[in-house]
Amino acid sequence: MTGTLIDLTYLVASVLFIFGIKGLTHPRTAVRGNLLGASGMLLAVIATLADQSVLGSGAWGLGMIVGGVVLGGAIGATLALRIQMTAMPEMVALLNAFGGAASALVAGAVLAESSAPSTQTSVATVTSGIIGSVTFFGSLVAFDKLKGLMLPDKPVLFPGQQPLNVLLGLTALGLGTLVVSDPSVLTSYGLLVLVGSILGILLTIPIGGADMPVAIALLNSYSGLAAASTGFVLSNDILIITGSLVGASGLILTRIMCKAMNRSLMNVLLGAIGDESTSAPGADEVYAGKVKSASAEEVAMLLDGAKRVVIVPGYGMAVAQAQHQVRDLANLLEGNGAEVEYAIHPVAGRMPGHMNVLLAEADVDYDKLHEMDSINPSFKQTDVSLIIGANDIVNPVARTDPSSPIAGMPILDVDKSRTVVVIKRSLSPGFAGIPNPLFAADNTLMLFADGKQAILDLIAAVKDT
Amino acid sequence: MDAFLPLLTIFLLAVFVGFEIITKVPPLLHTPLMSGSNAISGITIIGALLSVAAEGQLSTMLGFGALVLATINVVGGFLVTHRMLGMFKKKDQA
C-alpha cells in the first residue's frame, strides 16, 4: 500500500470518528455512532498494517503484533463485558490511564529509534512523556480512590504540597530541555517520565469523593492531548485529529462539572473543599428537635396519594446498587396512576452521566431522566420528592449562605415540593462536610435505612395500601 | 520544521470541530461519551504498530507495551460503550 493511499484511509477514518461522536448527540443515533467510530479504527489499523515497514518487519515483528493485539484485545473484552455499570467510573479511569501510558511509550520508542530527531519530534516527545505519565499515574490514583483500595476517598493534603508540585513541574521542564538538546541520551527521557509519574500522583491525591467527576473528565482530556502530542511526534494527522477531539471532549466535560459545583478548576484541583473552617452552623444546631423520621408505611401512604413523584438519585444509590428496586417502585407508582420522573444533577455520582447509565441499565425510559434546569421549575407541582443517597446537591444552604463551601452551587430545588422524603442511613454529612437544613425542614420526612432495603420496604408497603 | 505549521493547523481546527460537536452531546450520554472517546484515543495503536515493527530492540519493547495498552482501550472502549448504549431505551421501542 502506498503512502498516499494510507494517508487517504486515515482521512476516511478521521471523518468516521467525527461522525461517530456526532452520533452520540442523541440516544437514537448513539449506537450507530459508536459502530462508525469502531469501523474507523479498524480501517486505520488495517492501513497501518499494510504499511511497508510493518509488513516487512519479519516473522518476529509480526508475531509481536499479533501477540500484542490478542493480549490487549482479550484484556479489553474481558473488562468491557464483565464490568458492572456501577463501576463505570473505575473503568473510565483505567482507560484514561492506558491511553496516557500508550502515548508516552510510543513517544519513547520513537525517540529511541531516531538517530537525529527534528526539534518538532523531540519537543513533542517531551510533551507526550509528561502528559502521558501524569495521565497514567493520576488515573491510577483516581482508580484506587474510586475502588477504595489503598488511598482514602477524602482529599490527601500535606504542608508544602503546592511548592513541591511546582518544583516537580519545573524539574520535568528542565529534563525536557535536556531531551531536546541531546535526544540521544535516553536516560533524560526516562527521568522525565519518572518525575511526570510522581507529579501525576501528587496532583490527584488532593482530589476526593464528589470532586471525582472533575478529575476523571480532566484526565480524559489529558489522555487525548497525549495522543495528539504523539501525533506531532510521528507527524501523523489522524493521531492529531483524534487526540484533539478527545482533548476537547474532556475539557468541555470538566467545565460542565465545575460549573455544576460553582467552583473554579483550580479550587477543585487543590482539593480545597471542606478544609476551610467556615462559620457554618454545627449539625446539632441545624437538626436538634426538628428532624422528623418516618416509617416505610407512612411514606407509602404518602406516595399512594401522590399525583407527581420526582426521584432524585445520588452516589448512595450507586453504592447500594438500588437502581433496579428504584425502577420497580416507580413502575408500581405509575401503575397506581402517578406521574414519576427522575431529576439528575450534573455531578450526582462519581463521573459525568453516572446516574443516567445506572437508570438506563435498570430499563428506565430515558425520556424520564431530566436535567436540573429542565426539571427545577416543576418541583412546585410535585407532591413527593424522593431522595435516594444524595446530599450536597439538594442542600438549600447553597442558595442562602454565601460563606458555605457549596455557596452558589446550582441545586435541585426539591425543597419547593409539597413533601420531601429522604432515604439515608443517618444524618451524616455529604462530601462538603456540612449539615443539610433540608433534613430538618417542615416538609421533610427522613426514612433512615439502607437504600436498597428502604426501597424494598416501600414497595411492599405500597402494595399493602 | 516544514511539516509543523500544517500539523498545528490541523490540530487547532480539530479542536474547534470537537468543541462544536461535543457541546451538543446531552448529559444523558456523558458516560458513553467518555468511554467512547477513550476508545478512539486508542488511535495511538497506530504509533504502537509502527514502533513494534521498528528495528531497535528498545523501541520494539516499548512499542509492544503501547500496543497492548492501546488495544485494551480500543477493544474495551468500543465494547463497553456499545454495551452501555444498548441500555438506553424508550419504553415504546423496548
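Remember, predicted model here, so these are calculated numbers, not experimental data.

Peer 1: Would you take a moment to explain the overall build of chain B for this structure?
Peer 2: Across its full length, chain B holds 4 helices and 0 strands. When the helices and strands of chain B are listed from N to C terminus, the series reads α-α-α-α. For 94 residues, the compact-globule estimate of 2.2 N^0.38 gives 12 Å, and the C-alpha radius of gyration of chain B, at 18 Å, exceeds that figure by more than 25%. For chain B, the spread of C-alpha atoms along the principal axes amounts to about 60 × 30 × 15 Å. Within chain B, contacts between residues at least 6 apart in sequence are counted, and of these 58% link residues at least 24 apart.

Peer 1: Just to check I follow, could you spell out the packing of helix α5 (residues 88-113) of chain A against helix α3 (residues 45-52) of chain B for this structure?
Peer 2: In a pair of packed helices, the angle between the axes and the distance between the axes together describe the arrangement. At a closest axis distance of 9 Å, the pairing of α5(A) and α3(B) adopts a crossing angle of 35°. Handedness of the crossing formed by α5(A) with α3(B): left-handed. For the pair α5(A) and α3(B), contact is made by Ala102(A), Val106(A), Ala109(A) and Val110(A) and by Gly47(B), Ala48(B) and Ser51(B), respectively. Along the lines of polarity and charge, the residues of the contact of α5(A) with α3(B) split into 5 nonpolar, 2 polar and no charged.

Peer 1: Got a minute to help me understand helix α1 (residues 4-22) of chain B in this structure?
Peer 2: In an α-helix, one full turn covers 3.6 residues, which means residues spaced three or four apart are oriented alike. Across its 19 residues, α1(B) extends 27 Å between first and last C-alpha, which sits within 8% of the 27 Å expected from 1.5 Å per residue. Among the residues making up α1(B), those that are buried are Ala14(B), Val15(B), Gly18(B), Ile21(B) and Ile22(B). For α1(B), the arc enclosing every buried residue in end-on projection is 140°, short of the 170-degree limit, so these residues lie on one face. More than 90 degrees from the buried face of α1(B), the exposed residues found are Leu5(B), Pro6(B), Thr9(B), Leu12(B), Phe16(B) and Glu20(B). For α1(B), the secondary structure elements touched by its buried residues are α1 (3-23) and α10 (237-260) of chain A.

Peer 1: Just to check I follow, could you spell out the packing of helix α2 (residues 30-41) of chain B against helix α4 (residues 57-85) of chain B for this structure?
Peer 2: All names here are of chain B. Contact geometry for α2 and α4: axes closest at 7 Å, N-to-C directions at 155°. The angle between α2 and α4 places the two elements in the roughly antiparallel class. Where α2 crosses over α4, the handedness of that crossing is left-handed. When α2 is examined against α4, the residues Thr-31, Pro-32, Ser-35, Gly-36, Asn-38, Ala-39 and Ser-41 are found in contact with a partner set consisting of Asn-73, Val-74, Gly-77, Phe-78, Val-80, Thr-81, Met-84 and Leu-85. Tallied by class, the residues present in the contact of α2 with α4 amount to 7 nonpolar, 8 polar and no charged.

Peer 1: Would you explain the nonpolar core in this entry?
Peer 2: What tends to happen in soluble globular proteins is that the nonpolar side chains get buried as a cluster. Val312(A), Ile387(A) and Leu67(B) are the most contacted members of the largest nonpolar core, which totals 194 residues. Here this core gets 18 residues from one element, more than from any other, and that element is α5(A). If you count residues domain by domain, this core takes at least three from each of domain 1 (97-275) and domain 2 (283-464) of chain A. Residues contacting Ile387(A), with those up to four places away along its chain left out, are Val312(A), Val394(A), Val414(A), Val420(A), Val421(A), Val422(A) and Ile423(A).

Peer 1: Please explain the environment of Pro437(A) as it appears in this structure.
Peer 2: All names here are of chain A. Among the secondary structure elements, Pro-437 is positioned in the loop between β5 (419-424) and β6 (444-448). The spacing of Pro-437 and Leu-253 is 184 residues in sequence and 30 Å in space, taken between C-alpha atoms. Setting aside anything within four residues of it in sequence, one finds Pro-437 in contact with Val-286, Pro-396 and Val-397.

Peer 1: Looking at this structure, how should I read the domain arrangement of chain A?
Peer 2: The parts lose accessible area when they come together, and the size of an interface is often stated as this lost area. All names here are of chain A. Structurally, chain A comprises domain 1 (97-275) and domain 2 (283-464). Each partner contributes residues to the interface: domain 1 has 15 residues there, and domain 2 has 14 residues. Contributing elements (two or more residues each) for the side of domain 1 that touches domain 2: α9 (212-234) and α10.

Peer 1: What am I meant to see in the interface of chain A and chain B here?
Peer 2: Contacts between the two partners involve 95 residues from chain A, matched on the other side by 79 residues from chain B. By residue number, the principal contributor to the side of chain A that touches chain B is α5(A), which donates 17 residues. In terms of residue class, the side of chain A that touches chain B is made up of 55 nonpolar, 32 polar and 8 charged.

Peer 1: What exactly am I supposed to notice about the sheet that holds strand β3 (residues 369-371) of chain A here?
Peer 2: Sheets are built from strands paired through backbone hydrogen bonds, the pairs being either parallel or antiparallel. All names here are of chain A. Read from one edge of the open sheet, 6 strands run β3-β2-β1-β4-β5-β6, paired in parallel fashion. Each edge of the open sheet is held by one strand with a lone partner, namely β3 and β6. Pairwise comparison of adjacent strand axes, ignoring direction, gives a mean angle of 25° for this sheet. With respect to the sheet, helix α15 (residues 323-335) is in contact with β1 (308-313), β2 (339-344) and β4 (384-388), its orientation differing from that of β1 by roughly 175°. Across the sheet, helix α16 (residues 354-361) is in contact with β1, β2 and β3; its angle to β2 comes to roughly 145°.

Peer 1: It is not clear to me how α4(B) should be interpreted in this structure. Could you clarify?
Peer 2: If you check α4(B), its first and last C-alpha atoms are 41 Å apart, about what 29 residues at 1.5 Å a residue would give, namely 42 Å. In terms of burial, α4(B) is a largely internal element, 24 of the 29 residues being buried.

Peer 1: It is not clear to me how unusual backbone geometry should be interpreted in this structure. Could you clarify?
Peer 2: Where the residue is not glycine, phi is negative for most of them; where a peptide bond is considered, it is trans in most cases. Residues and elements named next belong to chain A. In this structure, Asn-262 takes a positive phi of about 50° despite not being glycine. As for its position among the elements, Asn-262 is in the loop between α10 and α11 (265-269). Here Asn-262 falls in the partly exposed class, since 14 other C-beta atoms lie within 10 Å of it. Even without being glycine, Gln-321 reaches a positive phi, approximately 50°. With respect to the helices and strands, Gln-321 occurs in the loop between α14 (315-320) and α15.

Peer 1: I would appreciate a short explanation of the environment of Gln321(A) in the present structure.
Peer 2: All names here are of chain A. Using a count of 14 C-beta atoms within 10 Å as the deciding quantity, one classes Gln-321 as partly exposed. Taking C-alpha positions, Gln-321 is 35 Å from Pro-402, a pair spaced 81 residues apart along the chain. For Gln-321, the contacting residues outside a window of four places in its chain are Thr-86 and Lys-452.

Peer 1: Which parts of the structure should I look at to understand the pairing of β5(A)?
Peer 2: Looking along a regular strand, one sees the side chains alternate between the two faces of the sheet. All names here are of chain A. Taking burial as the measure, the 6 residues of β5 include 6 buried ones, the bulk of the element. What you see with β5 is no split at all: Thr-419, Val-421 and Ile-423 on one side and Val-420, Val-422 and Lys-424 on the other are buried throughout. In the sheet, β4 pairs with β5 via 5 bridges, with the strands oriented parallel. Directly across from Ile-387, in β5, lies its bridge partner Val-422. Sheet topology note: the β5/β6 ladder contains 5 bridges and is parallel. Within β6, the position partnered with Val-421 by the bridge is Leu-445.

Each value, and the rule that gives it
- Residues numbered from 1 in each chain as written.
- Chains lettered and ligands numbered in written order.
- Predicted model: local features only at pLDDT ≥ 70, side-chain atom pairs only at ≥ 80, totals over all residues.
- Helix = DSSP H or I, 4+ residues; strand = E, 2+ residues; numbered from the N terminus.
- Rg over C-alpha atoms; globule rule 2.2 N^0.38 Å.
- Contact = placed C-beta atoms within 7 Å.
- Axes fitted to C-alpha atoms, helices over the stretch in contact; angles between N-to-C directions.
- Left-handed = near helix turned anticlockwise from the far one by under 90°.
- Nonpolar A, V, L, I, M, F, W, Y, C, P; charged D, E, K, R; others polar.
- Expected span 1.5 Å × (residues − 1).
- Buried ≥ 20, exposed ≤ 12 C-beta atoms within 10 Å, placed from the backbone.
- Arc of directions from axis to C-beta.
- Parallel < 35°, antiparallel > 145°, perpendicular 65-115°, else oblique.
- Core = buried A, V, L, I, M, F, W, Y, C linked by C-beta atoms within 7 Å.
- Domains from an automatic or database assignment.
- Pairing = 2+ DSSP bridges.

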